[in-house]
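Residue-level structure breakdown
Residues per chain are reported as follows:
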Amino acid sequence: MAKTNNIKSLAAVFFVLLCSCGDKNTIPDKVNFTEHVAPILYNNCTICHRPGGSAHFSLVTYADAKGNAEAIAFTTREHLMPPWPADPHYTQFIGERLLSQRGIDVLQKWLQQGEQEGPQDKLPTLPKYLTGSAIGIPDMRIAVAPYFLKAYSNDRFLLVKVPFELPNDTFASVIEFIPGNKNVVHHVNGDLVKYEFDKKKDVFGGEKVVDMVEDTSIVKAFEKLGLPNDDGSYPVLKKSVVNYLPGVFAQKYANGIGGYFLPRKGVFLLNDLHYGFTSKEDVWDSSYINIFFSKTPPNRPVEEFQLGTWGVAPVEPDLIIQPNTIKRVRSHVVIQKDISVLTINPHMHLLGKSFKAYALQPNGDTIRLISIPRWDFNWQYFYTFKKMVKIPAGSTVVAEGVYDNTTANPNNPFSPPRLVRDNNGSMKATDEMFQFIITYLPYQPGDENISLDISN
Ligand code: HEC
């Protein structure tokens, strides 16, 4: 093991030496698209900016890039693109989307020099991208009931039932939600309803979709969806097995961590599926769920808790944000047992300005978790640490948020600003939330050395 590491670091040294004298690290006198710009775009941007990607315009061809040269220079200079709101100097995560200073400089120079094309035979080939999954080819795909949204319709919060039946009880390593129409699918929180085989004849019966604005009683909604067992009792529900937020790709952990028990009969309960505003065209959404089976049971199932709205600790002071004010809130909880943190997810809405979270150990030392100096509503990743982070029992986990309800906030949904508050945990983007979700394992010695990155 030590030997491989030595060889790896030796190779890294050689690589750096070679590169610093080659032209990969220097900025060429004359910048052109095919030799200098395309490699940067293909490594950092086209995962989203390509036909079929999550951004609405492509940066694959010379014409694509030339047409957007000014915006490319601006968004990279301002660190708005590639989207990565977390401060990389505070903590590092798997899959960081960061463009080097050299990359930024090359893109500026290309614009200044008039966006030359360069020799066409130097154009690199576009990387091969997976379609329909961020992970690979799923073992099973289940369609979510297609949903129709009329032009100009408002937010919808739906409870959606996605039933399945399998030949046996089995295990899954990852369950992935893929939005059909990325312009309207805003987020999903999905649970797993597990049936004992004999207690439910037909998991497919009942309605597939209930609109929570019309049905305010959750019990009534569950009955409409046909969720109870045949005798009226309730099956076991495992929270939070399949989630989706803008910019979030399902995470598979290395070293057999994570995973789920899947029953022969079950239901994914999307609780809820949030559709945002639609513009002037009617749309159909056909989302689906990918399942990656696993031969082995999850030996260390992931657990989670959250601070703030709906969490184990309240928001302090109350999340009531007067117009024309900056408001600071926090939420904190003392950890009762040693935990190994895998993934964290800060969540605020449009008035969010900055976010920070850390843990204070009983000995006074600070464990850094995340700092987001400039909150971006569009990019609310589940940030996964490269190696698990141990938080010892007795530590206080603290999350701090700042909200900007002034006219200086370009995302303020109201002009002039109005009083905005949490409204009993409403998820509407124009109400506010303050949440910090932590997924973790009970700590085992050595956890802090286990890599979570499957690409290693
Ligand atoms: C994780 C996906 C993702 C990556 C990676 C990404 N973008 Fe974007 N980008 C988006 C999305 C989504 C938008 C919002 C508009 C849209 O829907 O297309 C956007 C918007 C933009 C805009 C337009 C901003 C505006 O004012 O409308 C530019 C320019 C841009 N990106 C350039 C880049 C460049 C250059 C890179 C690489 C250095 C990059 N992006 C990487 C997803 C991405």
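We now turn to the structure provided with this report. (Residues numbered from 1 in each chain as written. Predicted model: local features only at pLDDT ≥ 70, side-chain atom pairs only at ≥ 80, totals over all residues. Heavy atoms only, no water.)

1. Points about the site of the ligand
- The full set close to the ligand counts 19 residues, and Cys45, Cys48, His49, His56 and Met81 are the nearest of them.
- Measuring from a nitrogen atom of the ligand, one finds a side-chain N or O atom of His49 at 2.8 Å.
- At 2.6 Å from an oxygen atom of the ligand is found a main-chain nitrogen or oxygen belonging to His56.
- Broken down by element, the shell around the ligand gets its largest block of residues, four residues, from helix H4 (residues 69–77).
- The residue makeup of the shell around the ligand, split by class, is 13 nonpolar, five polar and one charged. (Near = heavy atom within 4 Å. Polar contact = N/O pair within 3.5 Å; in protein donor to acceptor, adjacent residues only side chain to side chain. Helix = DSSP H or I, 4+ residues; strand = E, 2+ residues; numbered from the N terminus. Nonpolar A, V, L, I, M, F, W, Y, C, P; charged D, E, K, R; others polar.)

2. Some thoughts on the sheet that holds strand S11 (residues 288–294)
- Strand order in the open sheet formed by four strands is S1-S11-S4-S8, with antiparallel pairing between adjacent strands. Where the open sheet ends on each side, the last strands, each with one partner, are strand S1 (140–143) and strand S8 (260–262). With strand direction ignored, the average angle separating the axes of adjacent strands in the sheet is 45°.
- Where strand S4 (residues 170–178) and S11 come together, seven bridges link them in antiparallel fashion. Bridging from a neighbouring strand, Val174 pairs with Phe292 of S11. (Pairing = 2+ DSSP bridges. Axes fitted to C-alpha atoms, helices over the stretch in contact; angles between N-to-C directions.)

3. Let's talk about the pairing of strand S9 (residues 265–275)
- Within S9, 10 of the 11 residues are buried, which leaves it mostly tucked inside the rest of the structure.
- Sheet analysis places strand S3 (residues 156–165) next to S9, joined by 10 bridges and oriented antiparallel. Looking at S9, one finds that Phe164 is bridged to Gly266. (Buried < 20%, exposed > 50% of the residue type's maximum accessible area, 1.4 Å probe, protein only.)

4. What about the pattern of salt bridges?
- Overall, the coordinates contain seven salt bridges when judged by the stated rule.
- When the shortest N-O distance is used, the salt bridge between Arg300 and Asp447 registers 2.9 Å. In this pair, Arg300 is assigned in the loop between S11 and strand S12 (303–308) and Asp447 in the segment after strand S21 (434–442), connecting sequence segments 147 residues apart. In this structure, Arg300 and Asp447 share a single accessibility class: buried.
- Between Lys337 and Glu303 there is a salt bridge whose closest N-O contact spans 3.8 Å. Separated by 34 residues along the polypeptide, Lys337 in the loop between strand S14 (326–334) and strand S15 (339–348) and Glu303 in strand S12 bring together distant segments of the chain.
- Overall, the relative accessible area of 31% leaves Glu303 in the partly exposed class. (Salt bridge = Lys/Arg side-chain N within 4 Å of Asp/Glu carboxyl O.)

5. Things to note about the side chain of Asn290
- Structurally, Asn290 can be placed in strand S11.
- Only 2.8 Å separates the side chain of Asn290 from the backbone oxygen of Gly132, close enough to count as a polar contact.
- Within the local environment of Asn290, its side chain forms a polar contact with the side chain of Arg141, the two groups lying 2.9 Å apart.
- Once residues within four sequence positions are removed from consideration, Asn290 is found in contact with Gly132, Ser133, Pro138, Met140, Arg141, Val174, Ile175, Glu176 and Ile178. (Contact = heavy atoms within 4.5 Å.)

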